[in-house]
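Secondary and tertiary structure notes
Spelled out, the chains give:
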Amino acid sequence: MTRSLENRVAIVTGGSGGIGGATAKLLAQNGATVAVADIDFSGSEKVVKEIIASGGQAKAYKVDLANEEDIKKLVLGIVEDFEHIDILFNNAGIIKRTTCLDISAQEWDMVFDVNVRAIFLMCKYVIPHMRKVGAGSIINTGSGWGLKGGGRALSYCASKGAVVNMTRALAIDHGPDNIRVNSVNPGDTNTQMLVNEANQLQQEVQTFLAESADRPLKRMGEPIEIAQAVLFLASDDSSFMTGSALVVDGGGIA
Ligand SMILES: NC(=O)c1ccc[n+]([C@@H]2O[C@H](COP(=O)([O-])OP(=O)(O)OC[C@H]3O[C@@H](n4cnc5c(N)ncnc54)[C@H](O)[C@@H]3O)[C@@H](O)[C@H]2O)c1
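Before going into details, it helps to say that this report is about the structure given with it. Small disclaimer: the values here were computed from a predicted structure and weren't measured.

What counts, and where the lines are drawn
Residues numbered from 1 in each chain as written. Predicted model: local features only at pLDDT ≥ 70, side-chain atom pairs only at ≥ 80, totals over all residues. Heavy atoms only, no water. Helix = DSSP H or I, 4+ residues; strand = E, 2+ residues; numbered from the N terminus. Rg over C-alpha atoms; globule rule 2.2 N^0.38 Å. Buried < 20%, exposed > 50% of the residue type's maximum accessible area, 1.4 Å probe, protein only. Areas by Shrake-Rupley, 256 points an atom, 1.4 Å probe, with all protein chains shown as cover. 1 Å grid on protein atoms, 1.4 Å probe; cavity = no way out; pocket = protein on both sides within 12 Å on 5 of 7 lines; lining within 4 Å. Points joined across faces, edges and corners; volume = space filled by probe spheres on them. Nonpolar A, V, L, I, M, F, W, Y, C, P; charged D, E, K, R; others polar. Pairing = 2+ DSSP bridges. Axes fitted to C-alpha atoms, helices over the stretch in contact; angles between N-to-C directions. Contact = heavy atoms within 4.5 Å. Phe/Tyr/Trp six-rings, centres within 6.5 Å; stacked < 30°, edge-to-face > 60°.

**Focus on the overall build of the protein chain**
Each helix and strand counted, the protein chain has 8 helices and 7 strands in total. Rg of the C-alpha trace for the protein chain: 17 Å, near the compact-globule value of 18 Å for 254 residues, within the 12% margin. Expressed as lengths along the three principal axes of its C-alpha atoms, the size of the protein chain is roughly 45 × 35 × 35 Å. Looking at the 254 residues of the protein chain, the share that counts as buried comes to 50%. Summing over all exposed atoms, the protein chain offers an accessible surface of approximately 11700 Å²; the carbon and sulfur share of this is 53%.

In structure tokens:
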């Protein structure tokens, strides 16, 4: 049986664990060669080892997505290694659980550098390679909080709203290049990010996680459940979808 992503090269940012790690493994299982890119190189290497041990193809790359030179080098390195790029999962993200009154301008910029500017720069340097192929699928990780507001998360909500709408703008500009651009918008998902949030809010982690389950399906998501949606958007199964905001949140914003 031909796997849906056979002969395709995929980049996964924030691929060292959490949603990115689960997606890197799932894309590889489905035939893609995966470039796992993260600031956490040893985490990426672990994911790559797992992929290779189960018969897949992958390579780890260290990148600080807040740095344009790093992004340029990353894209160049991947093209040197694998010749083409077909799928880009812009997934890395950070959160600061603060109001307008207690976030500094520098912290605001950091959230936007990683959550928004890095997506712009990754697209800027990857799209010319997708044009050469004549096709591409870009998936950007938004959030339920890109579609509605949330408490003590001003910079995060603003950045994820930007991700959802820049996805639409990219889809309009690059549809004629046969490059599809969609966002995946998870609700609370069982990753390190939720632990970070609990710590930032000085809440007990288990209590915070229990509260995260307060949605129609009465539980948090698991990274693999977001990865399944990304696989769908990456593959030809979603061939007529572009500019969409796919919500995967157990009914959270319903
Ligand atoms: N977990 C959730 O509940 C949830 C909900 C909605 C959206 N999201 C989004 O999902 C995405 C993945 O997050 P996750 O939940 O897997 O959390 P995570 O913290 O496990 O993953 C984030 C990854 O981004 C990487 N990263 C951070 N800054 C970077 C930088 N400057 N350069 C390169 N890599 C960097 C981290 O090393 C990490 O591997 C994020 O965009 C997040 O905003 C998560």
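**Let's talk about empty space enclosed by the protein**
Within this structure, the stated rule accounts for 1 cavity of 30 Å³ or more. Empty space within the largest cavity amounts to approximately 40 Å³. Every residue along the wall of the largest cavity is listed here: T13, L65, N90, N91, A92, V114, A118, I119 and M122. Ranked by the residues each element gives to the lining of the largest cavity, the list is headed by helix α4 (residues 105–133), at 4 residues. Split by residue class, the lining of the largest cavity holds 6 nonpolar, 3 polar and no charged.

**Brief notes about the sheet that holds strand β5 (residues 136–141)**
Paired through their backbone hydrogen bonds, the strands of a sheet run either parallel or antiparallel. Taken together, the 7 strands give an open sheet; going across it, the order is β3-β2-β1-β4-β5-β6-β7, and neighbouring strands pair in parallel fashion. With partners counted over all chains shown, the strands left at the sheet margins are β3 (57–62) and β7 (245–248), one partner each. Across the sheet, the mean angle separating the axes of adjacent strands is 20° when strand polarity is ignored. The pairing of strand β1 (residues 9–13) with strand β4 (residues 87–90) spans 3 bridges and is classified as parallel. Residue pairing for β4: I11 is matched across the bridge by L88. The sheet strands contacting helix α2 (residues 41–53) are β2 (33–38) and β3, and the helix crosses β3 at an angle near 175°.

**A closer look at the packing of aromatic side chains**
Applying the stated criterion across every chain, the model contains 2 aromatic pairs. Aromatic pair W108 and F112: ring centres 4.9 Å apart, planes at 15°, arrangement stacked. Placement of both W108 and F112 in helix α4 is noted, with a separation of 4 residues, approximately one turn of the helix. Both rings, one in W145 and one in Y156, keep their centres 6.4 Å apart while their planes meet at 75°; by these two values the pair is edge-to-face. In this pair, W145 sits in the loop between β5 and α5 (154–174) while Y156 sits in helix α5, placing the two residues 11 residues apart along the sequence. Judged by its relative accessible area of 8%, Y156 is buried.

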